[in-house]
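# Examining the three-dimensional arrangement
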Amino acid sequence: MATLPLRSMTVILTERVASVEHRPLDDRLSVFRVDNRVGESPLWDAARGCLWWIDVRAPELLRLFPDTAQVSRWTLPEPIGALALRQDGRLLLALRRHAWLFDPACHALSAFAEVETDRPGNRLNDGKVSPGGRWLLVGSMDDSVADKQPRGALYRIDVQGQVLRLHEGLTVANGLAWSRDGHRLYFSDSASGQIWRAPWDETRGLMGAPVPFACSLEADGRPDGALVDAQDDYLSAGVSAGCLNRFDAAGRRLGAVPLPCRAPTMPCHGGAGGQDLFITSLQRPGWAPGVADGQLYRIAGFGGGLPAALLQAG
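Described in the following lines is the structure provided in the data block. The model shown is predicted, which means the values in this text are computed figures rather than measured ones. (Residues numbered from 1 in each chain as written. Predicted model: local features only at pLDDT ≥ 70, side-chain atom pairs only at ≥ 80, totals over all residues. Heavy atoms only, no water.)

Moving on to the overall build of the protein chain. Scanning the protein chain from N- to C-terminus turns up 0 helices and 28 strands. Against the compact-globule benchmark of 20 Å for 314 residues, the protein chain has a radius of gyration of 18 Å, which places it among compact chains. Reported as C-alpha extents along the three principal axes, the dimensions of the protein chain are approximately 50 × 45 × 40 Å. The long-range fraction of contacts in the protein chain, counting pairs at least 24 apart against all pairs at least 6 apart in sequence, stands at 49%. Per element, the accessible surface of the protein chain, about 12,500 Å² overall, is 52% carbon and sulfur. Between the centroid of the 33 positive side chains of the protein chain and the centroid of its 35 negative side chains there is a distance of 2 Å. (Helix = DSSP H or I, 4+ residues; strand = E, 2+ residues; numbered from the N terminus. Rg over C-alpha atoms; globule rule 2.2 N^0.38 Å. Contact = heavy atoms within 4.5 Å. Areas by Shrake-Rupley, 256 points an atom, 1.4 Å probe, with all protein chains shown as cover. Lys, Arg positive; Asp, Glu negative; His and termini not counted. Charge placed at Lys NZ, Arg CZ, Asp CG, Glu CD.)

The next thing to look at is the sheet that holds strand 9 (residues 82-85). Taken in spatial order, the 5 strands of this open sheet run 1-12-11-10-9, and their pairing is antiparallel. Pairing within the sheet leaves two strands with one partner each, and these edge strands are strand 1 (11-12) and strand 9. Of the strand pairs in this sheet, strand 9 and strand 10 (residues 91-94) are connected by 4 bridges, and their pairing is antiparallel. By the bridge assignment, Ala84 is partnered in strand 10 with Leu92. (Pairing = 2+ DSSP bridges.)

This part takes up the side chain of Asp224. For Asp224, the position within the fold is in strand 22 (residues 223-228). Within the buried set, Asp224 has no salt-bridge partner at all; the shortest N-O distance to an opposite charge, 6.3 Å, is to Arg284. At a separation of 3.2 Å, a polar atom in the side chain of Asp224 contacts the side chain of Asn174. Excluding residues that lie within four positions of it along the chain, Asp224 makes contacts with Glu40, Asn174, Gly175, Ser188, Ser190, Ser236, Ala237, Val239, Pro264 and Thr265. (Buried < 20%, exposed > 50% of the residue type's maximum accessible area, 1.4 Å probe, protein only. Salt bridge = Lys/Arg side-chain N within 4 Å of Asp/Glu carboxyl O. Polar contact = N/O pair within 3.5 Å; in protein donor to acceptor, adjacent residues only side chain to side chain.)

So far we have only geometry, and geometry alone does not tell us how the molecule works.
Structural data, given as structure tokens:
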């Protein structure tokens, strides 16, 4: 698939809308049948009362209204690694190497920032808005099918679209989250299983020297997308073990929340008061199709966390 030229004209995407099956699995856990290849980056939109997320490999942007199980899909021109919400209601989409603005009102996709054009074997992967809404952090990864190399990095994008590389040497950058006080940044490398913590300066948009926080390998669940909850615990999708791993602020593994799918990818708080937990998942090549993998899960009454920060409009 060709990469979009950054200076191209605005692209108008086509919205497809359909209701999906929503099935309870127990008194709190339910599944939305969305059949994603690589579901990722769920984000609750409190203003609209909906959940946004992506399918990396479809590639698609998706939106769910949980009460009606109505799902909108927009097919994108290249793979997508993350999304974020802006205060003006538009979304920032991290496509292969650039960040693009998407306006749901008119379905228009327009250029915003060049992020990583000097590493053609990479693509962007994972992204979150900083606690004060001043910065978008995105990671990148080696997109090779096999023998991935540590060519990934972390980038900071300001509200004007200016980009700064913050950290290098990652194979699959992932797990971006901030502590509840906003002073600590977490991130991981899904390939190595390592999670780091670093001081974060919101005013300048800079991170300090990272230190190892925790490590989670294949059997326990390599770290994928993550969040920090109301207890200031780091909740990480164990993509190789079908669970969410919980670590306290000192990096101690407190336990795991088992899930019906084999490869959960990222959790987020959402619903009324942020009391529900939504979890995306993926379907690996070669796995037999089923109703568990690649679906979207909701755990009702899981317990709230901080709402996702909105990026200030430039």
